[in-house]
Amino acid sequence: MINIKKLYKSFGKNEVLKGIDLTVEQGEVVAIIGPSGSGKSTLLRCMNLLETPTSGDVIFKENKLNGKNTELEKLRQQMGMVFQNFNLFPHKKVIDNVILAPSLLKKDSATNLKNEARGLLKKVGLEDKADAYPAQLSGGQKQRVAIARALAMNPEVLLFDEPTSALDPEVVGDVLKVMKDLAKEGMTMVVVTHEMNFARDVSDKVVFMADGVIVESGTPQAIFDNQQHERTKNFLSRVL
């Protein structure tokens, strides 16, 4: 579904990504782990061109996203994004946050969109919060609303940028449960995460990044139980 080839990204003289090759298959859950500053979030943001690569290709469903004649906005609509800090609109009710994008694109009638949104809020365990405002929610609830909002566009892939790192530890489990349920349903997901148990238990592929390169990637068993590189071993021995 996503094919990244020889991806480089620099900010000024700072080279953050140094020749990344990565594939994400349909229905696959890919966890990207690694120390802070390794380029994980930049790689994720290059996948839907929130960051423009310096060089290399990002191919989504056989469409080169950074090609000249690509209908980027249409393709982006198929890639949901969940951010670390929720990015909800504080002046809009929860249900209006969820339906905002499909409403702007006139995907359906307002009534149908609201009915679908209520179904999505039920899916993330927040059907009783439809008429609340973001300020009335906990961090974990806000993040679950953000996931419902991403799902409202019926995306083919969901990109998660450290979705639990801004949350209090006691609410992390609620968000991870929603993500696990999506994985069971076959949603294609790329998750930048510090949650090693999620990476080990839920993902199909774990990618370990450090210093702008993919040091090692493989099944959770290979990465957690049979590392091939000292850099991976050192990282995991510190975080586990």
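Residues numbered from 1 in each chain as written. Predicted model: local features only at pLDDT ≥ 70, side-chain atom pairs only at ≥ 80, totals over all residues. Heavy atoms only, no water.

### Some words on the sheet that holds strand E10 (residues 213–218)
- Pairing in this open sheet of 6 strands is mixed, and the strands run E6-E7-E8-E3-E9-E10 from one edge to the other. On the outer flanks of this sheet lie strand E6 (79–82) and E10, each paired with one strand and no other. Shown here is a sheet whose adjacent strand axes are inclined to one another by a mean of 15 degrees, direction ignored.
- One ladder, built from 5 bridges, connects strand E9 (residues 205–210) with E10; its direction is antiparallel. Counted as the bridge partner of Val-207 is Ser-217 from E10.
- On top of the sheet, helix H5 (residues 139–151) reaches E6 and strand E7 (157–161); it is set at about 170 degrees to E6, its chief contact.
- Sheet contacts for helix H6 (residues 169–184): strand E3 (29–33), E7 and strand E8 (188–192); angle to E8, the most-contacted strand, approximately 145 degrees. (Pairing = 2+ DSSP bridges. Helix = DSSP H or I, 4+ residues; strand = E, 2+ residues; numbered from the N terminus. Axes fitted to C-alpha atoms, helices over the stretch in contact; angles between N-to-C directions. Contact = heavy atoms within 4.5 Å.)

### Let's talk about the packing of aromatic side chains
- On inspection of all chains with the given rule, the structure shows 1 aromatic pair.
- Ring geometry for Phe-208 against Phe-235: centres 5.2 Å apart, planes inclined by 35 degrees, an arrangement best described as tilted. With a gap of 27 residues between them, Phe-208 in strand E9 and Phe-235 in helix H9 (residues 230–239) connect regions that are remote in the sequence.
- Among the residues examined, Phe-208 registers a relative accessible area of 0% and is labelled buried.
- Residue placement shows Lys-9 over the ring face of Phe-11; its charged tip is 4.8 Å from the ring centre. (Phe/Tyr/Trp six-rings, centres within 6.5 Å; stacked < 30°, edge-to-face > 60°. Buried < 20%, exposed > 50% of the residue type's maximum accessible area, 1.4 Å probe, protein only. Lys NZ or Arg CZ within 6 Å of the ring centre and 35° of its normal.)

### Observations regarding the pattern of salt bridges
- Inspection of the entire model under this criterion finds 12 salt bridges.
- Here Lys-205 ties to Glu-28 by a salt bridge, and the two come within 3.9 Å at their closest N and O atoms. You can see Lys-205 sitting in strand E9 and its partner Glu-28 sitting in the loop between strand E2 (14–24) and E3, a full 177 residues away along the chain. Taken individually, Lys-205 and Glu-28 each receive the classification buried, so the pair is uniform in this respect.
- Residue Glu-230 is joined to Lys-233 by a salt bridge in which the shortest nitrogen-to-oxygen separation is 3.8 Å. Here Lys-233 and Glu-230 lie together in helix H9, a separation of 3 residues that amounts to about one turn.
- Residue class for Glu-230 comes out exposed when judged on its relative accessible area of 52%.
- For Lys-233, a relative accessible area of 35% puts it in the partly exposed group. (Salt bridge = Lys/Arg side-chain N within 4 Å of Asp/Glu carboxyl O.)

### Some words on unusual backbone geometry
- Positive phi is not limited to glycine here, since Lys-6 has a value of about 50 degrees.
- By the element assignment, Lys-6 lies in strand E1 (residues 2–11).
- In this structure Lys-6 comes out as exposed when scored by relative accessible area, which is 58%.
- Phi is positive for Asn-87, which is not a glycine, with a value near 55 degrees.
- The residue Asn-87 is located in the loop between E6 and helix H3 (94–104) in this model.
- Residue Asn-87 is classed as partly exposed on the basis of its relative accessible area, which comes to 40%.

Geometric values such as these leave the question of function open.
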